[in-house]
Amino acid sequence: MARRNTGGKHAAGLVDDVGAHVAGRTPPSAFLEVRDLRIHFPTDDGLVRSVDGLSFRLERGKTLGIVGESGSGKSVTSLGILGLHNRRNATVSGEIWLDGQELVHASPGDVRALRGRKMAMIFQDPLSAMHPFYTVGHQIVEAYRVHNDVSKRVARKHAIDMLGRVGIPKPDKRVDDYPHQFSGGMRQRAMIAMALSCDPELLIADEPTTALDVTVQAQILDLIRDLQQEFNSAVIMITHDLGVVAELSDDILVMYAGRCAEYASVDDAFHRPLHPYTWGLLGSMPRLDRERSERLMPIKGTPPSLINVPSGCAFHPRCAYGELNGGRSETERPELVEVEPGHKAACHLSLQQRREIWESEIRPKL
Amino acid sequence: MGLLLIISAVTYAIFFLVPRAAGVSSDDIAGRFAGKQPDAVTLAAIKDRFGFDDPVPVQYGKFIKGIVVGDTYDTGTDKIDCPAPCMGYSFRTNQSVTEQIVDRAPITFMIALGAAVLWVIAGVSIGVLSALRRGTIIDRAAMAVALAGVSLPVFFTGLLSLAFVVHKWQLLPSVNYSDIGDNPFNLILPWICLAFLYAALYARLTRAGMLETMNEDFIRTARAKGLPERTVVFKHGLRATLTPIMTVFGLDVGLLLGGAIITEKTFSIPGLGQLALDGVYQSDLPVVLGATLTAALFIVLANLVVDILYGVVDPRVRHS
Ligand SMILES: Nc1ncnc2c1ncn2[C@@H]1O[C@H](COP(=O)(O)OP(=O)(O)OP(=O)(O)O)[C@@H](O)[C@H]1O
Ligand code: SF4
Ligand SMILES: [Mg+2]
């Protein structure tokens, strides 16, 4: 398969109006557009603001990478798009537009009808994500038959086809195996086959390779990329691993404490990043061409509590540059602004300051 | 193989330990058999006929042999043939223990199976409903009743229901059930009382299991596929919840098949439980032995059935 062009600022249709106006409720032109999404969980300890005002958009055939440390709200976001939060313990607001249809305010039945057919998800741990008592084939057949009125025989043939397509050898035999009879990598392939069984136009992969060893990781990512080109679907790739994003994505959204810190094309994010948190992520990214000792510069401190999010910029307790702005970082929340065309960041530092810090302090050390 | 070993161990323990623990001598045992004030000659004859003075292992060997191939007792004047499985004769009634057990087992079966059907249906549906409506009035009410259910013994609910339903309000006739040919619906009160206890237990088990299962990743996957909530709950959720409950169910039924002692006593139903209980009261050793052995057999069989079924429903067990 031909390699896709991953550069280009407007690859996934980053446009100025995302997040700027919120309450419009006018269908967007983009295939997927998320506007000011908020997902909060009222708990005994307080309100958990897992996602707090997130906006992005994605076109068919493109890939958006969402990165951020553990607990930044990546999984909550993706489950939110699929409408999988129980409305009894989660409050969801904002808008999610998928191909002209708004999902946050749609009826549960309407959203269910889209799940699995129009949008599908690959989960992190395929062993626990598949039912232990049903065969792999049965689980794929089931996914196919909810949305397609076909006989069991036809569906089974389709399941075998799908298993073959994701690279499972002897699919006509393995179709009757149970998940525990598959190896980790094979299970993830089966999971992908299940997710893709109805040709979804939006595929969300939530850390699809974290549970796998390195060689299998690469195979699975290749598989997702190939299948994406075949089906021309939009993909959201959620990961801790910036390397994965660099390789697969068109755009990247850096999440911190439930909000967007930086949103840019992959090219911009890797070569001209404009947020201190992104610098931190890049600094802590393992690189094969460096010695171990020099390449890892972990971000100091730990991710904040989502109940008592730090005042001002949520990143300020961990940010090395927070002082440069005369205390603004501690009191005033930086808005996500489009600093350069198609490149947004939420930081009080001036563009000039950030460019200087990046060129003089950060880039040389990477 | 292991099962045979367990059963042998149980019988041996009963055989060896029970008389010793009770401090009974062979004279006592023979005396029980002979009835009132036997003379020394009769006692000696009885001891000789049954081998009460033989060493315990020899007696045990004879007992096992009786079960496996049958036995013949020589009374001097007469020969009594006791076909396999022979568990001896009651000291009190002189009836064959095997016959007594065969007579009464169906009665206990009727009690246990009828109650089991009721409690599984009621317990599981209430448990599922409670889990799905977690925290609502329905859930709280159901769990309050279930708490009462597990804390009230059958002799309490049984006597209460007899007093009110049968005697005071006369909603049900006062009937008994003493033969497998009787109308099985005469057992309705015992069924309900026994099932109430177990249903309460199963409702709690099911609710806890269901709440846990519904948080599993595979349930999220089922929803992500776009399956209707009905399918998610009843096909994916219930299947995983019921598997461990099935184990408990098998063992509970096995235990009851050996005799629902309290229920039988409360409602005066002559099942295996009554047989064993009467045997104990009357120091009728062969009957106690036979009843206990039968109960042990049912428990062991239930274990076996559960193991086999587990392999059928849980493929991970089947393949390991
Ligand atoms: N049902 C819930 N109730 C309360 N808090 C929740 C719930 N679901 C998620 N959270 C919280 O939301 C935050 C974000 O969780 P999320 O799973 O989205 O993180 P993540 O970015 O996917 O992290 P990871 O990389 O570890 O998967 C976490 O702090 C989590 O505790
Ligand atoms: S706003 Fe201040 S604290 Fe936040 S990232 Fe920018 S410099 Fe750091
Ligand atoms: Mg996650």
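Residues numbered from 1 in each chain as written. Chains lettered and ligands numbered in written order. Predicted model: local features only at pLDDT ≥ 70, side-chain atom pairs only at ≥ 80, totals over all residues. Heavy atoms only, no water.

## Considerations on helix α4 (residues 136-147) of chain A
Turning to step 1, where the next piece is worked out: Burial of α4(A) is extensive: nine of the twelve residues sit out of reach of the surface.
Turning to step 2, where the next piece is worked out: Of all the positions in α4(A), only V136(A), G137(A), Q139(A), I140(A), V141(A), E142(A), A143(A), Y144(A) and H147(A) are classed as buried. (Buried < 20%, exposed > 50% of the residue type's maximum accessible area, 1.4 Å probe, protein only. Helix = DSSP H or I, 4+ residues; strand = E, 2+ residues; numbered from the N terminus.)

## Details of the interface of chain A and chain B
Turning to step 1, where the next piece is worked out: Each partner contributes residues to the interface: chain A has 26 residues there, and chain B has 24 residues.
Turning to step 2, where the next piece is worked out: For the pair chain A and chain B, the summed buried area comes to about 2,300 Å², and 60% of that belongs to carbon and sulfur atoms.
Turning to step 3, where the next piece is worked out: Linking chain A with chain B are two salt bridges.
Turning to step 4, where the next piece is worked out: With a shortest N-O distance of 3.0 Å, K225(B) and E142(A) are connected by a salt bridge.
Turning to step 5, where the next piece is worked out: Elements with a contribution of two residues or more to the side of chain A that touches chain B: α3 (126-129), α4 and α7 (184-195) of chain A.
Turning to step 6, where the next piece is worked out: Sorting elements by how many residues they give to the side of chain A that touches chain B places α4(A) first, with six residues.
Turning to step 7, where the next piece is worked out: In terms of residue class, the side of chain A that touches chain B is built from 14 nonpolar, eight polar and four charged. (Contact = heavy atoms within 4.5 Å. Buried area = accessible area lost by both parts, 1.4 Å probe. Salt bridge = Lys/Arg side-chain N within 4 Å of Asp/Glu carboxyl O. Nonpolar A, V, L, I, M, F, W, Y, C, P; charged D, E, K, R; others polar.)

## Thoughts on the environment of A195(B)
Residues and elements named next belong to chain B.
Turning to step 1, where the next piece is worked out: Residue position: A195 is located in helix α8 (residues 188-213).
Turning to step 2, where the next piece is worked out: In the structure, A195 is positioned 164 residues away from G31 in sequence and 42 Å away in space, judged by C-alpha atoms.
Turning to step 3, where the next piece is worked out: When sequence neighbours within four positions are dropped, the list of residues in contact with A195 reads A115, L118, W119 and A200.

## Here's the deal with the site of ligand 1
Residue and element names in this part refer to chain A.
Turning to step 1, where the next piece is worked out: Within the structure, ligand 1 sits among 15 residues, and S50, S70, G71, S75 and V76 are positioned closest to it.
Turning to step 2, where the next piece is worked out: For ligand 1, an oxygen atom lies 2.4 Å from a polar atom in the side chain of S70.
Turning to step 3, where the next piece is worked out: In the environment of ligand 1, an oxygen atom lies 2.9 Å from a nitrogen or oxygen atom belonging to the side chain of K74.
Turning to step 4, where the next piece is worked out: In isolation ligand 1 exposes 630 Å². Once the protein is present, 64% of that is buried.
Turning to step 5, where the next piece is worked out: Of all elements in the fold, only β1 (32-43), β2 (46-58) and α1 (74-81) reach the threshold of two or more residues within the shell around ligand 1.
Turning to step 6, where the next piece is worked out: Sort the elements by how many residues they give to the shell around ligand 1 and α1 lands first, with three residues.
Turning to step 7, where the next piece is worked out: When grouped by side-chain class, the residues that make up the shell around ligand 1 number four nonpolar, eight polar and three charged. (Near = heavy atom within 4 Å. Polar contact = N/O pair within 3.5 Å; in protein donor to acceptor, adjacent residues only side chain to side chain. Areas by Shrake-Rupley, 256 points an atom, 1.4 Å probe, with all protein chains shown as cover.)

## Here's the deal with the packing of aromatic side chains
The relation between two aromatic rings is expressed through the spacing of the ring centres and the mutual angle of the planes.
Turning to step 1, where the next piece is worked out: The full count for this structure, using the stated rule, is eleven aromatic pairs over all chains.
Turning to step 2, where the next piece is worked out: Measuring from centroid to centroid gives 5.1 Å for Y256(A) and F315(A), while their planes differ by 80°, and the two rings are edge-to-face. You can see Y256(A) sitting in strand β9 (residues 251-256) and its partner F315(A) sitting in the loop between α12 (292-295) and α13 (328-331), a full 59 residues away along the chain. Accessibility classification places Y256(A) together with F315(A) in one group, the buried group.
Turning to step 3, where the next piece is worked out: Summarising the aromatic geometry, the rings of W119(B) and Y202(B) are spaced 5.7 Å apart at their centres and angled 55° between planes, so their arrangement reads as tilted. (Phe/Tyr/Trp six-rings, centres within 6.5 Å; stacked < 30°, edge-to-face > 60°.)

## Overview of the site of ligand 2
Turning to step 1, where the next piece is worked out: Close contacts around ligand 2 come from 13 residues, with C313(A), C319(A), S329(A), C347(A) and H348(A) the closest.
Turning to step 2, where the next piece is worked out: Its residues placed into classes, the shell around ligand 2 shows eight nonpolar, five polar and no charged.

## Topic: the pattern of salt bridges
All names here are of chain A.
Turning to step 1, where the next piece is worked out: With the rule as written, the count across this model stands at 28 salt bridges over all chains.
Turning to step 2, where the next piece is worked out: Of the charged contacts, one joins E332 and R328 as a salt bridge, the two residues approaching to 3.3 Å between their closest N and O atoms.
Turning to step 3, where the next piece is worked out: We classify R328 as partly exposed; its relative accessible area is 36%.
Turning to step 4, where the next piece is worked out: Here the salt bridges do not stand alone but share partners, grouping E33, R35, R57 and E95 into one network.

## Observations concerning the sheet that holds strand β8 (residues 234-239) of chain A
Neighbouring strands of a sheet are bound in pairs by backbone hydrogen bonds; such pairs are parallel or else antiparallel.
Residues and elements named next belong to chain A.
Turning to step 1, where the next piece is worked out: Strand order in this open sheet of eight strands is β6-β7-β8-β3-β9-β10-β12-β11, and the pairing throughout is mixed. Both edges of this open sheet fall to β6 (119-122) and β11 (337-340), since each of them pairs with a single strand only. Sheet twist, expressed as the mean angle between neighbouring strand axes with direction ignored, is 25°.
Turning to step 2, where the next piece is worked out: In this structure, β6 lies alongside strand β7 (residues 202-206), joined through four bridges in parallel fashion. Paired with M119 across the two strands is L202, which belongs to β7.
Turning to step 3, where the next piece is worked out: With respect to the sheet, α1 is in contact with β3 (63-67), β6, β7, β8 and β9, its orientation differing from that of β7 by roughly 155°. (Pairing = 2+ DSSP bridges. Axes fitted to C-alpha atoms, helices over the stretch in contact; angles between N-to-C directions.)

## Comments concerning the confidence of the model for chain B
All names here are of chain B.
Turning to step 1, where the next piece is worked out: Averaged over chain B, the pLDDT score is 86; the fraction of residues at 70 or greater is 94%.
Turning to step 2, where the next piece is worked out: Averaged pLDDT values for the elements of chain B fall to 69 in helix α1 (residues 2-21) and rise to 97 in helix α9 (residues 217-224).
Turning to step 3, where the next piece is worked out: Reported confidence for the predicted complex is 0.87 by ipTM and 0.85 by pTM. (pLDDT = per-residue confidence, 0-100.)

## Things to note about the sheet that holds strand β4 (residues 91-98) of chain A
Residue and element names in this part refer to chain A.
Turning to step 1, where the next piece is worked out: The sheet built from four strands is open, its strands ordered β2-β1-β4-β5 with antiparallel pairing. What marks the edges here is a single partner per strand, and that holds for β2 and β5 (101-102).
Turning to step 2, where the next piece is worked out: When β4 meets β5, the two strands line up antiparallel, connected through two bridges. Within β5, the position partnered with L98 by the bridge is Q101.

## Concerning the state of the cysteines
What is meant by a disulfide is a covalent connection between two cysteines, made through their sulfur atoms.
All names here are of chain B.
Turning to step 1, where the next piece is worked out: Throughout the structure, instances matching the rule amount to one disulfide over all chains.
Turning to step 2, where the next piece is worked out: Through a disulfide, C82 is tied to C86; the S-S separation comes to 2.1 Å. On the sign convention where negative is left-handed, the bridge of C82 and C86, at about 105° about the S-S bond, is right-handed. (Disulfide = S-S within 2.5 Å.)

## A look at the pairing of β8(A)
Residue and element names in this part refer to chain A.
Turning to step 1, where the next piece is worked out: Here β8 lies mainly inside the structure; six of its six residues are buried.
Turning to step 2, where the next piece is worked out: Of the two faces of β8, the one carrying A234, I236 and I238 and the one carrying V235, M237 and T239 are both buried.
Turning to step 3, where the next piece is worked out: With five bridges joining them, β7 and β8 adopt parallel strand pairing. Bridge pairing in β8 links A205 to M237.

## Some thoughts on the nonpolar core
Turning to step 1, where the next piece is worked out: L32(A), F56(A), L202(A) and I236(A) are the most contacted members of the largest nonpolar core, which totals 109 residues.
Turning to step 2, where the next piece is worked out: In terms of domain composition, this core takes at least three residues from each of domain 1 (130-199) and domain 2 (277-365) of chain A.
Turning to step 3, where the next piece is worked out: Ignoring anything within four residues of it in the chain, the contact list for L32(A) reads F56(A), R57(A), L58(A), I96(A), W97(A), L98(A), L202(A) and I236(A).
Turning to step 4, where the next piece is worked out: Counting residues in hydrophobic clusters, the runner-up holds 39 residues, among them I245(B), L256(B), F267(B) and L289(B). (Core = buried A, V, L, I, M, F, W, Y, C linked by side-chain atoms within 4.5 Å. Domains from an automatic or database assignment.)

## Notes on the domain arrangement of chain B
Residue and element names in this part refer to chain B.
Turning to step 1, where the next piece is worked out: Under the domain assignment used here, chain B contains domain 1 (2-86) and domain 2 (101-319).
Turning to step 2, where the next piece is worked out: On a C-alpha basis, the centroid separation for the pair domain 1 and domain 2 is 36 Å.
Turning to step 3, where the next piece is worked out: On the side of domain 2, ten residues touch domain 1, which itself brings 13 residues to the contact.
Turning to step 4, where the next piece is worked out: The contact between domain 1 and domain 2 buries some 1,000 Å² in all, and 93% of this surface belongs to carbon and sulfur atoms.
Turning to step 5, where the next piece is worked out: Along the contact surface separating domain 1 from domain 2 lie zero salt bridges.
Turning to step 6, where the next piece is worked out: For the pair domain 1 and domain 2, the interface holds zero residue pairs in polar contact (both at pLDDT 80 or more).
Turning to step 7, where the next piece is worked out: Broken down by secondary-structure element, the contributors of at least two residues to the side of domain 1 that touches domain 2 are α1, α2 (26-34) and α4 (56-69).
Turning to step 8, where the next piece is worked out: Ranked by the residues each element gives to the side of domain 1 that touches domain 2, the list is headed by α1, at nine residues.
Turning to step 9, where the next piece is worked out: Of the residues belonging to the side of domain 1 that touches domain 2, the class tally is eleven nonpolar, one polar and one charged.

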